[in-house]
Amino acid sequence: MLSEQHILDTIHAQLDDMFPAERRVAEYILDHPENAAQISITELADLSGTSDATVIRMCKRLGYKGFYQMKICLSSELGYIHLMGQQQKPSAFMSDSEVLRLLARNIIAMEDNLHPDILSSVVELLSKSQHVYVIAAGNSIPCAMDFAFRLCRVGIRTTCNTVVENTLNEISLGHKQETLVVFSHSGSSKQVLRAMELAKSREMSTVILTHSSRNSAALMADYCILTYPVTPLFHHYGVASHLFENVISDLLLYRIICNANREDAPDQVEMLLSEFKL
């Protein structure tokens with residue numbers, strides 16, 4: 001197994017043995033290592049004038065299972081985890097109040113990446129869908145399940161299953177009056193991409209909440225809503241904050257409720273659940 005600390009040296013050593021397209025990817029990484037550590041596979045392919053498949057082949061030539069593994073190791077070699085647009089670690093330990101202010105600033109800054117027309121279209125789409133399927137993989141699953149549950153609470157028939165294969169099976173029976181909503185940081189999960197392919201084949205509308213408009217899943221979606229923070233609190237991908245996905249969920253739910261004048265409607269689910277509360 002390759003050492004995580006010698007990726008750039010390994011690329012240099014194998015450069016002459018690479019096919020021309022692979023070499024273009026490798027040369028871009030050598031010339032722009034910091035940028036290569038934070039962009040998506042699709043962005044790297046575009047910048048090097050190649051394809052996603054070429055990037056993957058180059059990574060495998062270096063001894064990695066794929067682009068994502070190479071990217072993590074490259075970030076470590078550069079001295080910090082720099083994934084999905086994340087910035088370098090702050091050197092000082094922040095107090096609780098500083099953390100809260102940072103999160104508040106990030107939420108306010110999200111407005112710059114929100115497009116009211118897209119939000120309005122997504123709200124209308126969800127409100128009129130006969131059925132909404134919500135899917136995620138890995139640590140995005142709790143956000144997806146929460147959003148699906150609350151969509152049901154406002155009267156929109158919604159399904160989300162922690163067993164991705166079950167959701168894929170349901171999507172395979174979908175139709176154009178139904179919608180797929182995807183929660184994905186990277187937009188490169190195989191399950192997510194397969195779900196979007198299935199949804200497209202069934203003429204379903206697709207929405208994604210993600211960190212980049214250039215990742216593979218975002219490029220397939222009809223509507224993309226960005227959820228990345230300006231200054232991340234966590235700098236390791238596995239513990240990335242879900243605050244921003246939840247903010248978008250709240251925003252969409254608020255607009256759905258307001259548009260449908262549902263605020264004064266009796267909550268039948270709450271009445272049902274009331275028998276389990278003291």
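Report follows, based on the coordinates. (Residues numbered from 1 in each chain as written. Predicted model: local features only at pLDDT ≥ 70, side-chain atom pairs only at ≥ 80, totals over all residues. Heavy atoms only, no water.)

Below, the discussion takes up the overall build of the protein. Along the backbone of the protein there are 14 helices and five strands. Expressed as a percentage of its 278 residues, the buried residues of the protein come to 45%. The contacts in the protein between residues at least 6 apart in sequence include a share of 70% that link residues at least 24 apart. On the protein, roughly 14,500 Å² of surface is accessible, and the fraction owed to carbon and sulfur atoms is 54%. (Helix = DSSP H or I, 4+ residues; strand = E, 2+ residues; numbered from the N terminus. Buried < 20%, exposed > 50% of the residue type's maximum accessible area, 1.4 Å probe, protein only. Contact = heavy atoms within 4.5 Å. Areas by Shrake-Rupley, 256 points an atom, 1.4 Å probe, with all protein chains shown as cover.)

Moving on to the side chain of Ser205. Positionally, Ser205 belongs in strand β4 (residues 205-210). Among residues more than four places away in sequence, those in contact with Ser205 are Leu125, Glu178, Thr179, Leu180 and Asp222.

Turning our attention to the sheet that holds strand β1 (residues 131-136). Strands sit in the order β2-β1-β3-β4-β5 across an open sheet of five strands; the sheet is parallel. Of all the strands in the sheet, just β2 (158-159) and β5 (223-226) have a single pairing partner and so form its edges. Sheet analysis places β4 next to β5, joined by four bridges and oriented parallel. Its bridge partner being in β5, Ile208 is matched across the sheet by Cys224. Packed on one face of the sheet, helix α9 (residues 141-153) meets β1, β2 and β3 (178-183) and runs near 165° to β1. Docked against the sheet, helix α10 (residues 164-171) engages β1, β2 and β3, running at close to 145° with respect to β1. (Pairing = 2+ DSSP bridges. Axes fitted to C-alpha atoms, helices over the stretch in contact; angles between N-to-C directions.)

The next thing to look at is helix α8 (residues 116-128). Its 13 residues place the ends of α8 18 Å apart at the C-alpha level, agreeing with the 18 Å of an ideal helix rising 1.5 Å per residue. All of the buried residues in α8 are Leu119, Val122, Val123, Leu125 and Leu126. In a view along the axis of α8, the buried residues occupy a sector of 165°, so they form one face of it. Summarising the geometry of α8, the exposed residues directed more than 90 degrees from the buried face are Pro116, Asp117 and Lys128. Looking at the buried residues of α8, the elements they touch are β1, α9, β3, β4, β5 and α13 (243-260). (Expected span 1.5 Å × (residues − 1). Arc of directions from axis to C-beta.)

We now examine unusual backbone geometry. Leaving glycine aside, a negative phi is the common case for residues, and trans is the common case for peptide bonds. Residue Glu203 is not a glycine yet carries a positive backbone phi of 60°. Structurally, Glu203 is set in the loop between α11 (190-201) and β4. Taking relative accessible area as the criterion, Glu203 reaches 55% and is therefore assigned exposed.

This part is about the pairing of β1. Counting buried positions along β1 gives six out of six residues, so the element sits mostly inside the fold. Side chains His131, Tyr133 and Ile135 project from β1 onto one buried face, and the interleaved Val132, Val134 and Ala136 project onto a second face that is buried too. Here six bridges tie β1 to β3, and the two strands are oriented parallel to one another. When the sheet's bridge partners are listed, Val132 is paired in β3 with Thr179. Summarising the sheet, β1 and β2 pair through two bridges and their orientation is parallel. Each bridged residue has a counterpart across the sheet, and for Tyr133 the counterpart in β2 is Thr159. Since β1 and β2 lie parallel, the crossover through α9 that links them has a hand, and here it is right-handed. (Right-handed = clockwise from strand over helix to strand, strands pointing away.)

Geometric values such as these leave the question of function open.
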